[in-house]
Amino acid sequence: MIQVKAQPGTEVPATVTLPFVDPAVGRVIGSRFAAIHSNPPALTAGTDPAVVVKGRTVWVAAPVESSSEAVNAKLFLALLDRILQRPYHLEVDTHPAVEATLFHQPERSAC
C-alpha cells in the first residue's frame, strides 16, 4: 500500500493497520510475525490513511478494484455510494488517448 498523509479538510474513514507486532512481544506458530487472523494482533491501530474522502473524490491506498474478491466489489460500491447518487453516470473529459468503458448490466444490478 502507498503510505500518505491526509491533508487538512479531508475525511479518513479507514486507516492501514499492519497485521504484525514487535518481534519482542513473542512468537506465533514459530514465526516472528502474526497473520491477520492470529494472536497476537496488532498492538495499536494504524494512523496512515487507507481511504481518504474529500468532496466527490475517494482515494484508496490499495487497488481494491483490481481484485475479483466479492468483498472488494462491495467496498468499491460502498465508496461510490458515499460520494455519488444512483443511478451512476459516466462522463470523461480527458486526453484523447484515454478510453473509458461503461457496461450496462441490469441483470447484475450494475449501472
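Look above for the structure.
Structural notes, computed from the coordinates. Keep in mind that what you see is a predicted model, and the values were worked out from it rather than measured.

### Concerning the sheet that holds strand β1 (residues 11-16)
Move 1: The strand order across the open sheet formed by 3 strands is β1-β2-β3, and the pairing between neighbours is antiparallel. What marks the edges here is a single partner per strand, and that holds for β1 and β3 (57-60). Pairs of neighbouring strands in the sheet enclose a mean axial angle of 15°, with direction left out of account.
Move 2: Along the sheet, helix α1 (residues 70-83) contacts β1, β2 (48-54) and β3; its crossing angle with β3, the most-contacted strand, is approximately 150°.

### Overview of the environment of K5
Move 1: Inspection of the secondary structure puts K5 in the segment before β1.
Move 2: What makes K5 exposed here is its relative accessible area of 76%.
Move 3: Linking K5 and P49, residues 44 residues apart in sequence, is a C-alpha distance of 6.7 Å.

### A word on α1
An α-helix turns once every 3.6 residues. As a result, residues three or four positions apart point the same way.
Move 1: When the terminal C-alpha atoms of α1 are compared, their 21 Å separation across 14 residues agrees well with the 20 Å that a helix rising 1.5 Å per residue should span.
Move 2: Taken residue by residue, α1 has N72, L79 and I83 as its buried positions. What you see down the axis of α1 is that its buried residues fit within an arc of 30°, all on one side. For α1, exposure combined with an orientation more than 90 degrees from the buried face picks out A70, V71 and K74.
Move 3: In this structure, the buried side of α1 is in contact with β2 and β3.

### What about the pattern of salt bridges?
Move 1: Enumeration according to the criterion identifies 2 salt bridges in this entry.
Move 2: Between R82 and E11 there is a salt bridge; the shortest N-O distance is 2.3 Å. Of this pair, R82 sits in helix α1 while E11 is found in strand β1, placing the two residues 71 residues apart along the sequence.
Move 3: Of the charged contacts, one joins R86 and D81 as a salt bridge, the two residues approaching to 2.9 Å between their closest N and O atoms.

Procedures and definitions
Residues numbered from 1 in each chain as written. Predicted model: local features only at pLDDT ≥ 70, side-chain atom pairs only at ≥ 80, totals over all residues. Heavy atoms only, no water. Pairing = 2+ DSSP bridges. Helix = DSSP H or I, 4+ residues; strand = E, 2+ residues; numbered from the N terminus. Axes fitted to C-alpha atoms, helices over the stretch in contact; angles between N-to-C directions. Contact = heavy atoms within 4.5 Å. Buried < 20%, exposed > 50% of the residue type's maximum accessible area, 1.4 Å probe, protein only. Expected span 1.5 Å × (residues − 1). Arc of directions from axis to C-beta. Salt bridge = Lys/Arg side-chain N within 4 Å of Asp/Glu carboxyl O.

Geometry only, nothing functional implied.
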